[in-house]
Protein chains: 2
Amino acid sequence: MQIMQESMLPPSIEQLTTFMAVARQASFAGAADVIGKDASVLTRRVHALEQHLGVKLFERTTRRLALTEAGQRYLERVSRALEELTSAQQEANTLVSVPRGWLRLSLPRTFAHRCISPWLPEFMAAHPEIQVDARHTDQYVDLVAEHFDVAIRLGETLSDSGLVARPVAEYGKYLYASPDYLQRKGMPTHPAMLDAFDGLIYTGAAQPAEWLLSEAGQQVLVQPIVRLASDDVVTLLRAACCGLGVIASADWAVQDELANGELVKILPTWSVGPRRSVYVVTPSRTLLPAKTRVFIDWASQRLAQQLETANGMS
Amino acid sequence: MQIMQESMLPPSIEQLTTFMAVARQASFAGAADVIGKDASVLTRRVHALEQHLGVKLFERTTRRLALTEAGQRYLERVSRALEELTSAQQEANTLVSVPRGWLRLSLPRTFAHRCISPWLPEFMAAHPEIQVDARHTDQYVDLVAEHFDVAIRLGETLSDSGLVARPVAEYGKYLYASPDYLQRKGMPTHPAMLDAFDGLIYTGAAQPAEWLLSEAGQQVLVQPIVRLASDDVVTLLRAACCGLGVIASADWAVQDELANGELVKILPTWSVGPRRSVYVVTPSRTLLPAKTRVFIDWASQRLAQQLETANGMS
DNA sequence: CTTTTTTACGTAGACCGTAACCATC
DNA sequence: GATGGTTACGGTCTACGTAAAAAAG
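The name given to chain A in an unreviewed UniProt entry is DNA-binding transcriptional LysR family regulator, with the source organism recorded as Chitinivorax tropicus. Comment text from UniProt for chain A, heading Sequence similarities (unreviewed entry), reads "Belongs to the LysR transcriptional regulatory family."

What follows is the structure in structure tokens.
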């Protein structure tokens, strides 16, 4: 832990810009107009700069003002440095005003397949300068450490602190089965009847092989017969469509299957477990880059609309 | 005469250097040590910079800190700009004809005590505008990174690239012991006899406890009895003067002891190991500041003269 | 004498350090 | 409870503008 040398610190920006202005105008008084400060200020700044460098930058009388050789060399390089600096600033600025650059997304795999992937190409077409790095995972990751710009997360509540979670839509889980399966077993009219049905159980989050159904305050615990358990939602859905049993699924996950008749909703007024939300999560709220803001807007709008229609289907 | 836009003004140097330090240390607390200011100062500076740019540079929680994409880009370009600035400053320094300002020296500790310290006050008196920052170390340091103007280095060859090493003097290592020790053990007349003597061994550079003596092409490997080993030369010298054994030492390190009779040279025609050189090293700038040139001149002359007399003493 | 640069001086605001606060591990 | 980042507050110190002085043509 070494302490920086005062003597090696660069001069102040004010000194440098003042020096440049005076050199360009070849006059303190002229530069004073440009900068909008009194000439006395400029004298002091230039003097301080010369002191700091140990070099005389100008040869000056009251009537003439000329750069010394050291001054000319220094001017050239200082100009380059400050140009680099302002250009860096402009680049930084474009990142907040123009949507561009890599957008790193952390998405729940199945949700992304059903609810993000459909409109992602359209989003990218609308913002051709955005590059997307979509990482799919079903565990929570450290947004900051892994440099994610946005994450989509599902659940009842979010425990993460330090992050900003915006709820953009709600959804519930319901029971579904294929029409032919229901024809064989009969359509249940009360949850209690489900104990005799086959359950297709998701084992991803160490969930028990039972369903807590609720309708308007009433709750019923159902324990179906388990013939197939898996940690992969797609596998379970395929099985359900093929008539292997009943599946508890988020409504947004079965829109297609409902539409083409592969699945039918069972006990449509009874939902499985509590109501859940879709959250759009970012590392912070302020000073978001344009790419992030644009994605959040797009995602919020699309997801809200999409999940509402899913909700509306029976 | 158009007045400069406030919004286009670059941020302050303090903000920029602070940003760089925090980014490099990946920590506000760490950067606080480096800069030598309180961490609260740094957060304010970084916050102000972010506000000024309108961009978040770090994503930070109390436990994690990472550059945003904008921050990475900005860091790169700011680094370049500031390097240009300090480099411009150094160039300006080379054009000053009067030796003045801070002169940062990197010196081997023992060598400095014996061969630099004696004339350093005289040097400073001759150049009253020079301020000296003499750092003592026995490891090689990065001259450029730590902003040293000159380093003195000892050894057979120098591997450093990008640096300019000027050999200014040569020296050899020889064997010495106190008169009373030699009276007790007898004065050896051939290296082979030394195996029965006590060796005072320097363990600084993982050297073996043996001496490779050479005289006019002949070489003899001697393995003395080791009763004292140390990584501190002064300790060994004191021990030698007190009659604890034989020490292998650079001739310049024992001039005083030879002069006042505390030590006597053994087998004066046999040297220990290869011949070595004293180098004056500077960063590879073609143009050197006056302060540096003046020091190099002084050091070259003094060291050459000093080591020659040391060489001449028997 | 006029124009331009430099110095003197009193004030206002910025910036720093201390210390309390908050969050994370 | 310890570490690290942020915020609040009071004091100091710099840097500004006014204005007068000095220098040059």
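Having put the structure on the table, let's press on.
### Some details on the overall build of chain A
A count of helical and extended segments in chain A gives ten helices and 13 strands. Taking 2.2 N^0.38 as the reference for a compact globule, 314 residues should give roughly 20 Å; the C-alpha atoms of chain A span a radius of gyration of 33 Å, well beyond that estimate. The dimensions of chain A, computed from C-alpha atoms along their principal axes, are 105 × 45 × 30 Å. A buried classification covers 49% of the 314 residues belonging to chain A. Contacts in chain A between residues at least 24 apart in sequence constitute 76% of all its contacts with a sequence separation of at least 6.

### Notes on the protein's contact with DNA strand D
In the vicinity of DNA strand D, 16 residues are found, and the nearest of them are R44, R45 and T62 of chain A together with T43 and R60 of chain B. Taking the atoms of DNA strand D that fall within 4 Å of the protein, sugar and phosphate contribute 60% of them. With respect to DNA strand D, the side chain of R45 of chain A contributes an N or O atom lying 2.5 Å from a phosphate oxygen. Within the contact set of DNA strand D, a phosphate oxygen lies 2.4 Å away from a side-chain nitrogen or oxygen of R60 of chain B. Those elements that place two or more of their residues in the surface near DNA strand D are α3 (39–53) of chain A together with α2 (28–35) and α3 (39–53) of chain B.

### Here's the deal with unusual backbone geometry
The phi dihedral of L287 of chain A is positive, around 55 degrees, even though this residue is not glycine. Examined against the element boundaries, L287 of chain A turns out to sit in the loop between β13 (271–282) and α10 (290–312). For L287 of chain A, a relative accessible area of 30% puts it in the partly exposed group. Phi is positive for L267 of chain B, close to 45 degrees, though the residue is something other than glycine. Structurally, L267 of chain B can be placed in the loop between β12 (264–266) and β13 (271–283).

### Digging into α3 of chain B
For α3 of chain B, which comprises 15 residues, the first-to-last C-alpha distance of 21 Å matches the rise-based estimate of 21 Å (1.5 Å per residue) to within 8%. L42, R45, V46, L49, E50 and L53 of chain B are the residues of α3 of chain B that are buried. Viewed end-on, α3 of chain B has its buried residues packed into an arc of 135 degrees, placing them on one side of the element. Exposed residues lying more than 90 degrees from the buried face of α3 of chain B are R44 and Q51 of chain B. Residues of α3 of chain B that are buried sit in contact with α4 (69–97) of chain A together with α1 (13–25), α2, β1 (58–60) and α4 (69–94) of chain B. Among the residues of α3 of chain B, the N-terminal cap falls to D38 of chain B, whose side-chain oxygen and the backbone nitrogen of S40 of chain B are separated by 2.9 Å. One or two steps after α3 of chain B, the chain reaches G54 of chain B, where phi turns positive at roughly 75 degrees.

### Here we look at the packing of aromatic side chains
Enumeration according to the criterion identifies 20 aromatic pairs over all chains in this entry. Ring centres 6.4 Å apart and planes at 85 degrees place the aromatic pair W119 of chain A and F123 of chain A in the edge-to-face group. Given a relative accessible area of 0%, F123 of chain A falls into the buried group. Each ring, one from F19 of chain B and one from F58 of chain B, has its centre 5.6 Å from the other, and the planes form 55 degrees; the classification is tilted. In this pair, F19 of chain B is assigned in helix α1 and F58 of chain B in strand β1, connecting sequence segments 39 residues apart. Take F19 of chain B and F58 of chain B: they sit in the same class, and that class is buried. Clustering of aromatic rings is evident, with ring pairs tying together F19, F28, F58 and Y74 of chain A. The side chain of R104 of chain A reaches across the aromatic face of F148 of chain A, ending 4.4 Å from its centre.

### A short note on the confidence of the model for chain A
When pLDDT is averaged along chain A, the result is 88; 93% of the residues meet or exceed 70. Confidence drops under pLDDT 50 across residues 1–7 of chain A; counting only partners more than four residues distant or on other chains, this segment forms 13 contacts.

### A closer look at the interface of chain A and chain B
Every contact between the two is made by 50 residues of chain A and, on the other side, 52 residues of chain B. Roughly 5000 Å² is buried in total at the junction of chain A and chain B, and carbon and sulfur atoms are behind 62% of that figure. By the criterion of area lost to chain B, the three top residues of chain A are R77, Q89 and L287 of chain A, representing 13% of everything that side buries. Across the chain A-chain B interface, the total number found is ten salt bridges. Between R80 of chain B and E84 of chain A there is a salt bridge whose closest N-O contact spans 3.1 Å. On the surface where chain A and chain B come into contact, there are 15 residue pairs in polar contact (both at pLDDT 80 or more). Counting only elements with at least two residues in the side of chain A that touches chain B, the list comes to α1 (13–25), α2 (28–35), α3, α4 and β3 (101–107) of chain A. Element by element, the count of residues in the side of chain A that touches chain B is highest for α4 of chain A, at 19 residues. Taken together, the residues that form the side of chain A that touches chain B break down as 26 nonpolar, 16 polar and eight charged.

### Considerations on the pattern of salt bridges
Applying the stated rule across the entire model yields 34 salt bridges over all chains. Salt-bridge contacts for R184 of chain A lead to D180 of chain A; the nearest nitrogen and oxygen are separated by 3.2 Å. Of this pair, R184 of chain A and D180 of chain A both sit in helix α7 (residues 179–185), four residues apart, which is roughly one turn of that helix. With a relative accessible area of 33%, D180 of chain A lands in the partly exposed category. Among the salt bridges present, the one from R238 of chain A reaches E257 of chain A, with a minimum N-O distance of 3.9 Å. Here the residue R238 of chain A occupies a position in helix α8 (residues 233–241), and E257 of chain A occupies one in helix α9 (residues 255–259), the gap between them amounting to 19 residues. Given a relative accessible area of 38%, R238 of chain A falls into the partly exposed group. In the salt-bridge network here, residues are joined through shared partners; they are E84, E91 and K291 of chain A together with E69, R73, R77 and R80 of chain B.

How each quantity is defined
Residues numbered from 1 in each chain as written. Chains lettered and ligands numbered in written order. Predicted model: local features only at pLDDT ≥ 70, side-chain atom pairs only at ≥ 80, totals over all residues. Heavy atoms only, no water. UniProt positions renumbered as here; feature names shortened; annotations may be inferred. Helix = DSSP H or I, 4+ residues; strand = E, 2+ residues; numbered from the N terminus. Rg over C-alpha atoms; globule rule 2.2 N^0.38 Å. Buried < 20%, exposed > 50% of the residue type's maximum accessible area, 1.4 Å probe, protein only. Contact = heavy atoms within 4.5 Å. Near = heavy atom within 4 Å. Polar contact = N/O pair within 3.5 Å; in protein donor to acceptor, adjacent residues only side chain to side chain. Expected span 1.5 Å × (residues − 1). Arc of directions from axis to C-beta. Phe/Tyr/Trp six-rings, centres within 6.5 Å; stacked < 30°, edge-to-face > 60°. Lys NZ or Arg CZ within 6 Å of the ring centre and 35° of its normal. pLDDT = per-residue confidence, 0-100. Buried area = accessible area lost by both parts, 1.4 Å probe. Salt bridge = Lys/Arg side-chain N within 4 Å of Asp/Glu carboxyl O. Nonpolar A, V, L, I, M, F, W, Y, C, P; charged D, E, K, R; others polar.

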